[in-house]
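# Structural features, examined
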Amino acid sequence: DKYEADGLDEHSDDVRFDGTGDRRNPYLNRIRTADGDNDLGNGIPVSFQITGSNDHMEWGYWTMTTPVTVDDDETVVIDNRAYYLFGELTPDSTLNGMSGTAAYTGEAAGTLWSAAGGTDLTGTFVCDVNFDDGSVAGFNMSVYGGGNSATISGASGNLDKGEFELQGGQWQLDGQTPDHQHAVGSLYG
């Protein structure tokens, strides 16, 4: 199985994880930057930690502390959490048969990056999904850790084939409005 993740600073940056048919045995085999495509051959082993699961999904994070040289001179490690979520997306046939509004709540987690390094944040989220008009409303999330916080209040979106992208609302990162505000979600089960 192959899993890719876009970089945070530039969409031309990405990493690719390959597995041996099992996401629980991943290895990093490519890091692409704006300066080049770095093929790591057979790959570097990646550790993972499951932080939760239910009948329809599993979530957790990967780390890789083995140093890797990219672009011929830069050494990198992925020593802070790279989060993942695997699951069974809600089929269109099920979504088409649903009506009314449902409230969703759950865990939220992430890592805040600063000059001092990464700080892990945990907390909760809540939102309402209206299956009659395909809207997501009242999305609120609060995560805290190490004296830092991130919140989203009152964001909304439109449900399209079980997926949505949040828009609007109030976004705060340590009490400041962040320059970039982007979040997507999916329905599982």
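Source: prediction; values computed, not measured. (Residues numbered from 1 in each chain as written. Predicted model: local features only at pLDDT ≥ 70, side-chain atom pairs only at ≥ 80, totals over all residues. Heavy atoms only, no water.)

## Observations concerning the overall build of the protein
To keep things clear, this is the line we draw: Comment: elements are numbered from the N terminus, with helices defined as DSSP H or I runs of at least four residues and strands as E runs of at least two. Only protein chains enter the accessibility calculation, which uses a 1.4 Å probe. A residue is then buried if its area is under 20% of the maximum for its type, exposed if over 50%, and partly exposed in between. Contacts: residue pairs with any heavy atoms within 4.5 Å of one another. We get accessible surface area from the Shrake-Rupley algorithm with a probe of 1.4 Å; when it comes to residues, only the shown protein chains can shield them.
Looking only at helices and strands, the protein features 1 helix and 14 strands. A burial count over the protein gives 36% of its 189 residues as buried. When contacts within the protein are restricted to residue pairs at least 6 apart in sequence, long-range pairs at least 24 apart make up 34% of them. If you sum the accessible surface of the protein, you get close to 11300 Å²; carbon and sulfur atoms cover 45% of it.

## Quick notes on unusual backbone geometry
In this structure, K161 is a non-glycine residue whose phi angle is positive, near 55 degrees. With respect to the helices and strands, the residue K161 is situated in the loop between strand 11 (148-158) and strand 12 (163-165). Look at D174: it is not a glycine, yet its phi comes out positive at around 50 degrees. Positionally, D174 belongs in the loop between strand 13 (170-173) and strand 14 (184-186).

## Remarks on the environment of D92
Mapped onto the fold, D92 is located in helix 1 (residues 92-96). D92 sits 69 residues away from K161 along the chain, and the two C-alpha atoms are 6.0 Å apart.

## Observations concerning the nonpolar core
Quick note on the threshold: In this description, a nonpolar core means a group of buried Ala, Val, Leu, Ile, Met, Phe, Trp, Tyr and Cys residues linked to one another through side-chain atoms lying within 4.5 Å.
The biggest cluster of nonpolar side chains holds 20 residues, and the ones touching the most others in it are V129, F139, M141 and L166. Within the residue set of this core, elements represented by two or more residues are strand 8 (101-114), strand 9 (117-130), strand 10 (135-145) and strand 11. At 4 residues, strand 10 tops the list of elements feeding residues into this core. Sequence-distant contacts of V129, defined by excluding residues within four places in its chain, comprise G100, T101, A102, Y104, S135, V136, L159 and L187. Counting 11 residues, the second largest nonpolar core, distinct from the first, contains I31, L40, I44 and V46.

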